[in-house]
Amino acid sequence: MEEESSASMHLKEVTRLWRAWRTIHEMAQDRGYELAEEEVKISLDRFRAEYTNDDGSPNRAKMQFSARPSEAMIKKFTPPPTPSNPDPAPECGTIWVEFCPDKSSIGISVMKKFVEHCAQNNFKAGILVTASALSAQARKVMTVTSQFTLIECFLEEDLLVNITHHELVPKHILLSREEKAALLKRYRLKETQLPRILSKDPIARYLGLKKGQVVKIIRTSETAGRYASYRLCV
Amino acid sequence: MSAETTQSARPKPKGILKQLSAPPTTKQPASPPPRASSSTSLTRAELLAQQEAAARLRLLEKLRQTELKPPIPLETFELLSQLPRAPCPPHDASNPSPADASLVLTSLRDFQPSEYLDLIEERNCLGKCGYALCPRPRRTHEGGFKISTRSGNIARTTDLNKWCSDACALRALYLKVQLDNPTYERISSGGSGAPGGRLVVKLELREEKGDGSRKSRTSAVAAAVPRGSQEDRDQLAQAMAKLEIDKHTQARKDASALAGERGDPGGSVAGLSRVDVTIKESAVDGPVEPPSNLAKGAEYMVEGYRPKANKARGGKQPEEGAESDGEDDEFFTVRL
Ligand SMILES: [Zn+2]
């Protein structure tokens with residue numbers, strides 16, 4: 001009896017993790033990282049075969065992957081060449097995603113280990129998916145070190161559904177620097193005159209927006225068909 | 001600075017530079033000597049200066065309160081969440097090693113109350129008891145709430161799981177109270193005991209009940225708190241006790257207010273005599289009759305009362321009257 005209930009509990013947890021696993025892959029893909037389609041659209045059975053222990057409990061320590069930015073993403077994130085810097089380096093690099101095996105809340109030490117791992121392997125970005133919330137000081141570690149590596153944290157429960165697949169969420173597209181400059185020039189705006197989006201907004205977190213970046217939002221409209229609006233991340 | 005502001009407070013509007021070149025408060029009252037009101041103007045100047053000084057003191061006080069302390073470095077958190085370093089068998093939460101105790105007390109001096117809570121959270125992340133000097137793991141109750149079988153109280157398990165025991169919760173919260181309501185003491189920065197030392201929050205560990213090792217711990221406290229005299233400690237203990245007493249006083253006050261309202265002896269209006277009430281029955285000399293329904297317009301009455309507002313409008317039904325337009329006009333409405 002007890003075994004049965006624990007098995008069903010494991011199954012429930014594995015299913016939750018599978019959904020988070022899919023969402024985080026879709027997120028990486030939407031940000032422009034290169035991922036194989038079969039990696040993103042993994043079936044529950046395959047996930048269960050690969051990422052569970054013998055007793056059916058999920059094996060979070062195994063749930064990790066890295067992804068390289070695609071050509072298009074590198075192009076988007078490379079600043080325009082200037083006379084002083086004719087061949088600028090792209091501002092993006094390999095991303096590292098890891099599910100935290102610790103199920104209790106995350107303290108300084110766990111966070112530090114993750115940041116160190118990202119720094120040692122020269123990852124430009126790191127995403128830590130945790131089962132429970134970060135402690136206040138761990139959050140501080142995350143922001144302090146974010147100059148070298150961009151560290152982000154997501155809760156498993158926030159990844160159970162991919163919010164961008166909801167029909168009421170319009171399409172958000174990140175603009176490159178040139179596109180942003182062209183937009184401001186065309187409408188003769190200062191960037192502060194644009195409408196804003198908070199960097200903690202769920203969509204902004206999904207796309208990993210940084211302050212100063214602009215997203216183009218394409219909505220469908222009953223009267224106008226489609227229209228685009230722009231928002232500056234603050 | 002003060003001279004400047006007192007000058008500007010005076011009704012004489014002159015250039016600031018000119019005013020500054022002249023010696024300020026001393027000369028002005030002396031310039032009109034023959035007048036009798038010179039003494040009053042002097043006192044006024046003094047009063048102004050006094051107010052000025054008081055205002056400046058208040059400002060300084062406020063600045064000190066609002067001054068942002070630098071945040072506690074992460075290393076301190078890591079260090080304190082690793083404690084205690086002393087081996088467990090001889091030392092435990094009720095009998096910490098002097099070195100650990102003094103380390104905790106000296107580091108916690110710079111903590112904000114919220115940072116102290118962060119430390120507890122950090123220790124809990126490591127599965128340890130929230131009290132910095134306790135080597136034991138924290139409790140792991142399941143579920144949302146827990147009922148204490150002893151006192152019958154209900155507590156959140158999230159609160160209970162911060163500590164290994166209630167004793168540790170008391171010890172840790174004893175420190176938190178001192179951070180929340182800080183008493184400052186001056187410590188000598190160079191060890192010379194000069195009055196120019198730094199002002200820090202005074203902290204001490206909770207007294208343990210019936211401990212034989214009292215001497216070792218108080219010496220640790222003394223090492224960390226050089227000026228903490230027994231008297232100060234007693235004062236703090238009294239303050240802590242007062243928190244509890246205040247609750248009782250409030251309860252007593254409430255009870256007496258209630259008694260006063262009821263007019264019981266012992267209430268706040270106990271001395272006042274009550275109003276004498278005598279009940280007179282009127283004599284009944286005929287058969288009881290129901291009130292007549294034949295009165296004109298009785299159907300419009302509401303519990304025996306005839307609303308007057310409706311009568312003026314030609315005897316509308318009360319329910320209708322409530323919905324009539326005329327009534328709405330009492331309220332401010334915007335009509336386009
Ligand atoms: Zn304890």
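Residue indices follow the written sequence of each chain, beginning from 1 at its first position. For naming, the first written chain is A and the first written ligand is 1, with later ones following in the order written. Residues qualify for local features only when their pLDDT is at least 70, as the model is predicted, and side-chain atom pairs are given and counted only at 80 or more; totals for whole chains, interfaces and linings, by contrast, use all residues. Excluding hydrogens and water, the side-chain values take into account all heavy atoms of the structure.

The name given to chain B in an unreviewed UniProt entry is RNA polymerase II subunit B1 CTD phosphatase RPAP2 homolog, and the organism recorded there is Parathielavia appendiculata. Per its UniProt entry, chain B bears the Function (unreviewed entry) comment "Putative RNA polymerase II subunit B1 C-terminal domain (CTD) phosphatase involved in RNA polymerase II transcription regulation." UniProt positions are given in the numbering used here, feature names are shortened, and annotations may be inferred rather than shown by experiment.

Chain A goes by DNA-directed RNA polymerases I, II, and III subunit RPABC1 in an unreviewed UniProt entry, where it is assigned to Parathielavia appendiculata. What the UniProt record of chain A gives under Subcellular location (unreviewed entry) is the line "Nucleus". According to the UniProt record, the Sequence similarities (unreviewed entry) comment for chain A is "Belongs to the archaeal Rpo5/eukaryotic RPB5 RNA polymerase subunit family."

This part is about the nonpolar core. Ranked by internal contacts, the top residues of the largest apolar core, which has 46 residues, are Met-111 of chain A together with Leu-108, Phe-111, Tyr-116, Tyr-131, Cys-168 and Leu-175 of chain B. To qualify as a helix, a DSSP run of H or I must reach at least 4 residues; to qualify as a strand, a run of E must reach at least 2; elements of each kind are numbered from the N terminus. Put simply, the parts of the chain that give this core at least two residues each are α5 (108–120), α6 (136–144) and β4 (150–155) of chain A together with α5 (74–82), α6 (98–108), α7 (113–125) and α9 (166–180) of chain B. Dropping the residues within four chain positions of it, Met-111 of chain A is found in contact with Ile-106, Leu-128, Leu-134, Ala-138, Val-141, Met-142, Ile-151 and Cys-153 of chain A. The set of buried Ala, Val, Leu, Ile, Met, Phe, Trp, Tyr and Cys residues whose side-chain atoms join them within 4.5 Å is what this entry labels a nonpolar core. Exposure classes here rest on a 1.4 Å probe applied to the protein chains alone. A residue is buried below 20% of its type maximum, exposed above 50%, and partly exposed in between. Listed in part, the 38 residues of the second largest apolar core include Ala-28, Leu-35, Val-40 and Cys-92 of chain A. Should any heavy atoms of two residues lie within 4.5 Å, those residues are counted as being in contact.

All names here are of chain A. Ordered by their spatial adjacency, four strands build an open sheet running β1-β2-β3-β4, and the pairing between neighbours is mixed. A single partner strand is all that each edge strand has here, and the edge strands are β1 (64–67) and β4. Put simply, the sheet's adjacent strands are angled 15 degrees from each other on average, direction ignored. A pair of strands is labelled paired if DSSP reports no fewer than 2 bridges between them. As paired elements, strand β3 (residues 125–130) and β4 share six bridges and run parallel to each other. From the neighbouring strand, Ile-127 faces β4, where its bridge partner is Glu-152. Axis lines are fitted through C-alpha atoms, for helices just across the contact stretch, and the angle between N-to-C directions can take any value from 0 to 180 degrees.

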